[in-house]
Amino acid sequence: MDIQHNGVATAIIVDDGVDPSPLVSDLGNVDDEWSVFWADLTAEDKALLDEIYPEHKDLDAEALIKDQTFVTLAFERREEFSGNALGNVFEAFLGNQQQVRKFIDAAAAKLDGIGLKVSEVGRDFVTAAKEADLIIVDLFLGSEQAEGDKERSISGLKEILKDRAGNPPMVILTSAHNSLHDLRHEFRDKTGLLASGFRTIKKSEIEEDGLLEQLVFELSEHRGDALKLWAFLKSWETGISQALQRAQSEVRKLDLEDLSHVKQMLSSEGVPLGGYMVDIMDAVLAHELEAEQGVIDAAIALNSLEATSFPPNSITGNKNTLEVVRKTLFVNEKRRQLDPSGGFPVSLGDILAISPDADGPDVRNGTIFEGEERRVFLVLTPLCDLVRDPPKAKRVLLLAGTFHDHGALSFKAVANGVHTPVLDLNEELRGIVKWDLKHIETIGSDALTNLLPPHGSCFVPARLKEHTAIALQQKLLSDLGRVGELKTMPSMFPIRCVVYFTNSHRELVPLATNLDGILVGESSNRLAFDAAHRFGFMKEVRAAIAEVYETSRAKLQSTLAPSALDALFTTGVEYKSDAKPKPCKVPGDGASVEIGKIIINESAQDAFQDVNQHQGAGLIFELSEGPANV
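Here's a quick rundown of the structure. The written sequence of each chain sets the order in which its residues are numbered from 1. Only residues with pLDDT of 70 or above have their local features reported here, since the model is predicted, and side-chain atom pairs are shown and tallied only from 80 upward, although totals for entire chains, interfaces and linings are computed over all residues. Values reported for side chains reflect all heavy atoms of the structure, with hydrogen atoms and water molecules removed beforehand.

**Some remarks on the pairing of strand 15 (residues 526–529)**
Here is the rule we go by: For each residue, the accessible area found with a 1.4 Å probe, counting protein chains only, is set against the maximum for its type, and the residue is called buried under 20%, exposed over 50%, and partly exposed in between. Each helix is a run of DSSP H or I of at least 4 residues and each strand a run of E of at least 2, with the numbering of both proceeding from the N terminus. In this analysis, strands are considered paired if DSSP registers two or more bridges between them.
Side chains R526 and A528 project from strand 15 onto one buried face, and the interleaved L527 and F529 project onto a second face that is buried too. As paired elements, strand 14 (residues 515–521) and strand 15 share 4 bridges and run antiparallel to each other. Its bridge partner being in strand 15, V520 is matched across the sheet by R526. The pairing of strand 15 with strand 16 (residues 573–574) spans 2 bridges and is antiparallel. Following the sheet pairing, L527 is matched in strand 16 by V573.

Next comes the structure, spelled out in structure tokens:
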């Protein structure tokens, strides 16, 4: 494993187990041990106490045991006091230090074995770790494992990242805490790390053969691309601040007389001045951001990402790319407060829907929403025809769509047609809309007013941005050409997975580790699992081989091939989302190899009620989707 060519040469281990003396908080409740110490002081002990901390005479015993300076000095000179009382005060701390030292030594030896220059430091780590290429940091820098101990590691790492904006270190988070896997999301978000430069490992796993080394290799292998992404995000952060200053300078040149001319111009169109000025400021800010050479250079660098060389998936359960997609497609809902008061009560891009709380046959009957499907309608009439007083348009042109609950199977059903990949009807109800270019409606002002509050149960949950709405308008009106639109990001569905195998008694048995993962919806769907579970999965599959039903044994053995594991935890396996079980195929020697079956949103017991269906199936991956808006 050669990682030096990727610029990784030094590593530092950050752990409170390295600290030479305890904090008061490290000692826990040792009041009884301190009481024994004070009671057993000899004349020689008192003389030693006067020597090491003369100030003790001005403090009572209760204040002294909370005095950090006194505790540090007492610890350093503990062996010079008579009796065992002071040893009992520090016994738990020393025991913990010995236990932690095993992990520190094991990590240091493994890092040294792959050619890294290794150092170690305790809680006060910022200065020592500022130049390290790799930082292995304990999540809780303190034996209490309290919130303050966690904040100490987060704030220290944030300070290091602030000073290394162009070259952040790779970070491996470690802890003996059972919730490390869940707490990594908070650590990443609060420090500002990218998942591609960040991994986790439990202290108990550090001694396992190859695990720590594999994590370091993964981080270093994709370090160049991770730095390009980091640089782009940092350039955007810096650039938008500078662009905002320039945009403000330009907009401030506009004064009341200018706005008077603008308002007079708009009066004939029925367009409110406030909304127009917000649009102007948005356009000026975007123009100034595009003028930031740092953003442009960093964006150009992204073109050289090795897109076909997938890094291992990480922190999959926390991914929510649909929020990014939603914000590229829709206007912020507060923007609609600037709508004109005259004309039609809707605008280009508005989506009309029945309120989920009021939906039902009685509400739909006799309206454009009549029918079994959950219909929504998109307003495609140009804005200028809707806002004049009286409006030029006599009726509003509507494009009909069908709302499907958001999920991998729904996405498969609509993805090949004209669709909007995400629409929120409320905070709990997220869906996908399939537009029907053969179904259009028109509606007059009075009928539309009766549908909307306070008269009716129809509402406007969202408004598409103008370029997105016009692109749909062009698809509806003509096959000759359309407005170019930003290609939406792939839809990613976070999933949880229980993995089963059939034992020698032909019973379905789950592996101990449940997998997190993502199902990527695109032209060819891909399923990939979080790399944090890779080694646990490998161990459990190896153990399962000893008791698996004979006809499934070969499939479990094939799962342990490096190419199969890379497919499961890195590039992903192709999977055609379906309610029925589908084969799970991974790359093999010249051809794909089936290692099991994949089912989604159904239990393995229900999907394979006949034992003959699963005894030779290999591994059964039981996928379930989490809440759509988490």
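**Notes on the packing of helix 8 (residues 147–163) against helix 9 (residues 180–191)**
Stated precisely, the cut-off is as follows: Convention adopted: a line fitted to C-alpha atoms gives each axis, helices being fitted over their contacting stretch, and angles between N-to-C directions are expressed from 0 to 180 degrees. Between 65 and 115 degrees an angle is taken as roughly perpendicular, under 35 as roughly parallel, over 145 as roughly antiparallel, and anywhere else as oblique. Should the near helix be turned anticlockwise from the far one by less than a right angle, the crossing is left-handed, and should it be turned clockwise, the crossing is right-handed. The contact rule is simple, with two residues in contact once any of their heavy atoms fall within 4.5 Å. Side-chain classes follow a simple rule in which Ala, Val, Leu, Ile, Met, Phe, Trp, Tyr, Cys and Pro form the nonpolar group, Asp, Glu, Lys and Arg form the charged group, and the remainder, Gly included, forms the polar group.
Running from N to C, helix 8 and helix 9 point in directions that differ by 40°, and their axes come no closer than 9 Å. On the basis of the axis angle, helix 8 is oblique to helix 9. Of the two possible hands of crossing, helix 8 and helix 9 adopt the one that is right-handed. Judged by residue contacts, E147, K150, E151, S153, I154, L157, K158 and L161 of helix 8 engage L183, E186, F187, K190 and T191 from helix 9. Looking at the contact of helix 8 with helix 9, its residues break down into 5 nonpolar, 2 polar and 6 charged.

**So, the sheet that holds strand 3 (residues 134–138)**
Across the sheet, 5 strands lie side by side as 2-1-3-4-5; this open sheet has parallel pairing. What marks the edges here is a single partner per strand, and that holds for strand 2 (117–121) and strand 5 (198–202). Ignoring strand direction, the axes of neighbouring strands in this sheet form an average angle of 20°. Looking at chain direction, strand 3 and strand 4 (residues 170–175) are connected through 5 bridges and run parallel. Bridge pairing in strand 4 links D138 to T174.

**Focus: the pairing of strand 12 (residues 491–502)**
Judged from the 7 bridges that link them, strand 12 and strand 14 form a sheet pairing that is antiparallel. Bridging from a neighbouring strand, I495 pairs with G517 of strand 14. Of the pairings in the sheet, the one linking strand 12 to strand 19 (residues 619–625) comprises 6 bridges and is antiparallel in character. Bridged to Y500 within strand 19 is I620. The sheet contact formed by strand 12 and strand 13 (residues 508–510) spans 3 bridges and is antiparallel.

**Some words on the side chain of D45**
When you line up the elements, D45 lands in helix 2 (residues 43–52). If sequence neighbours within four positions are ignored, D45 has contacts with D40, E80, F81 and S82.

**Description of the packing of aromatic side chains**
We describe a pair of aromatic rings using the distance from one ring centre to the other and the angle between the two ring planes. Defined as follows: Side-chain rings of Phe, Tyr and Trp (the six-membered ring for Trp) are treated as a pair once their centres are within 6.5 Å; stacked means planes under 30 degrees apart, edge-to-face means over 60, and tilted covers the remaining angles. We count a charge as sitting over a ring when the NZ of a lysine or the CZ of an arginine lies within 6 Å of the ring centre and within 35 degrees of the ring normal.
For the structure on display, the rule yields 16 aromatic pairs. Summarising the aromatic geometry, the rings of W34 and F37 are spaced 5.8 Å apart at their centres and angled 80° between planes, so their arrangement reads as edge-to-face. Taken as a pair, W34 and F37 lie in helix 1 (residues 31–39) at a separation of 3 residues, close to a single helical turn. A single burial state applies to W34 and to F37, both of which are buried. Taking the centre distance of 5.2 Å and the plane angle of 80° together, the rings of F369 and F377 count as edge-to-face. Taking the relative accessible area as the measure of exposure, F369 reaches 1% and is therefore buried. The exposure class of F377 is buried, given its relative accessible area of 0%. Taken together, the ring pairs connect W34, F37, W38, Y53, F70, F75, F81, F90 and F93 into an aromatic cluster. It is R78 that lies over the ring of F75; its NZ or CZ is 4.0 Å from the centre.

Purely spatial values, then, with no claim about function.
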